[in-house]
Amino acid sequence: MSSLDAVLAFDARMELGESPVWDELTRTLYAVDILRGAIVRFNPRSGSTETVAELDEPVGSIALRRDGGLVAAAGTAVLLLDEQARATVVAEVPEARGLRFNDGVCDAQGRLWVGTIALEEDLDRTAGQAR
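Below you will find a few notes about this structure.

What counts and what doesn't
Residues numbered from 1 in each chain as written. Predicted model: local features only at pLDDT ≥ 70, side-chain atom pairs only at ≥ 80, totals over all residues. Heavy atoms only, no water. Helix = DSSP H or I, 4+ residues; strand = E, 2+ residues; numbered from the N terminus. Buried < 20%, exposed > 50% of the residue type's maximum accessible area, 1.4 Å probe, protein only. Contact = heavy atoms within 4.5 Å. Areas by Shrake-Rupley, 256 points an atom, 1.4 Å probe, with all protein chains shown as cover. Lys, Arg positive; Asp, Glu negative; His and termini not counted. Charge placed at Lys NZ, Arg CZ, Asp CG, Glu CD. Polar contact = N/O pair within 3.5 Å; in protein donor to acceptor, adjacent residues only side chain to side chain. Pairing = 2+ DSSP bridges. Axes fitted to C-alpha atoms, helices over the stretch in contact; angles between N-to-C directions. Phe/Tyr/Trp six-rings, centres within 6.5 Å; stacked < 30°, edge-to-face > 60°.

Considerations on the overall build of the protein chain
For step 1, the next point in the chain: Helices and strands together make up the secondary structure of the protein chain, namely 1 helix and 10 strands.
For step 2, the next point in the chain: Listing the helices and strands of the protein chain from first to last along the sequence gives β-β-β-β-β-β-β-β-β-β-α.
For step 3, the next point in the chain: For the C-alpha atoms alone, the extent of the protein chain along its principal axes is close to 55 × 40 × 25 Å.
For step 4, the next point in the chain: A total of 131 residues make up the protein chain; the buried ones form 32% of that total.
For step 5, the next point in the chain: Considering only contacts within the protein chain whose residues lie at least 6 apart along the sequence, 26% involve residues at least 24 apart.
For step 6, the next point in the chain: Accessible surface computed for the protein chain: about 9000 Å², of which carbon and sulfur atoms make up 51%.
For step 7, the next point in the chain: Side chains of the protein chain give 13 positive and 22 negative charges; the mean places of these two sets differ by 3 Å.

Take a look at the structure:
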């Protein structure tokens, strides 16, 4: 039996990291730091990690776009981000008070499926109320 030593590869120092997405074309790994509203990219060949976008809202998930860039579910909006991280809002759910987008993924047809989660402060406010 042989032993293996663990090696830290992706040290992004995220507050709440989720939504890893592998980009086969660039051979890089994207992930989101939800609470910071940041999207980061890790290059395993160089070992470098960079922030590619900082959004004004918590970002729950991302997916790759066929023609380059990313789609992001942030706050209660779906954004298209071009390769320079310029964001364009393509859908909003403004009546989703007390919620934000969370986990999401694109299906084989390219449709984005995104779930929501209750915001922490709204959970605290209703914790003591009868249901």
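Looking at the side chain of S61
For step 1, the next point in the chain: With respect to the helices and strands, S61 occurs in strand β5 (residues 59–64).
For step 2, the next point in the chain: Beyond its immediate chain neighbours, meaning those up to four positions away, S61 contacts S19, V32, V71, A72, A73, N102, D103, G104 and V114.

What about the side chain of S19?
For step 1, the next point in the chain: Here S19 lies in strand β1 (residues 17–23).
For step 2, the next point in the chain: Take S19: its relative accessible area is 12%, and that puts it in the buried class.
For step 3, the next point in the chain: Among the polar contacts made by the side chain of S19, one reaches the main-chain amide nitrogen of I62 at a distance of 3.2 Å.
For step 4, the next point in the chain: Setting aside anything within four residues of it in sequence, one finds S19 in contact with Y30, A31, V32, G60, S61 and I62.

So, the sheet that holds β5
For step 1, the next point in the chain: On the basis of which strands lie adjacent, the open sheet formed by 4 strands has the order β5-β6-β7-β8 and antiparallel pairing. Looking at strand neighbours, the two that pair on one side only are β5 and β8 (87–92), the edges of this open sheet. Pairs of neighbouring strands in the sheet enclose a mean axial angle of 25 degrees, with direction left out of account.
For step 2, the next point in the chain: Of the pairings in the sheet, the one linking strand β6 (residues 70–74) to strand β7 (residues 77–81) comprises 5 bridges and is antiparallel in character. Looking at the pairing, A72 lines up with L79 of β7.

A look at the packing of aromatic side chains
For step 1, the next point in the chain: Taken as a whole and assessed by the stated rule, the structure comprises 1 aromatic pair.
For step 2, the next point in the chain: Ring centres of F10 and F42 lie 5.0 Å apart, and the angle between their planes is 25 degrees; on these two criteria the pair is classed as stacked. Taken as a pair, F10 in the segment before β1 and F42 in strand β3 (residues 38–43) lie far apart in primary sequence, 32 residues in all.
For step 3, the next point in the chain: Relative accessible area serves as the criterion here: at 23%, F10 is assigned to the partly exposed category.
For step 4, the next point in the chain: Judged by relative accessible area, F42 falls into the buried class, the value being 7%.

Considerations on the pairing of strand β2 (residues 28–33)
For step 1, the next point in the chain: Judged by how many residues are buried, β2 sits mostly within the fold: 6 of 6 residues are covered.
For step 2, the next point in the chain: Burial along β2 is two-sided: T28, Y30 and V32 facing one way and L29, A31 and D33 facing the other are all buried.
For step 3, the next point in the chain: Where β1 meets β2, 5 bridges bridge the pair, whose relative direction is antiparallel. Bridge pairing in β2 links V21 to Y30.

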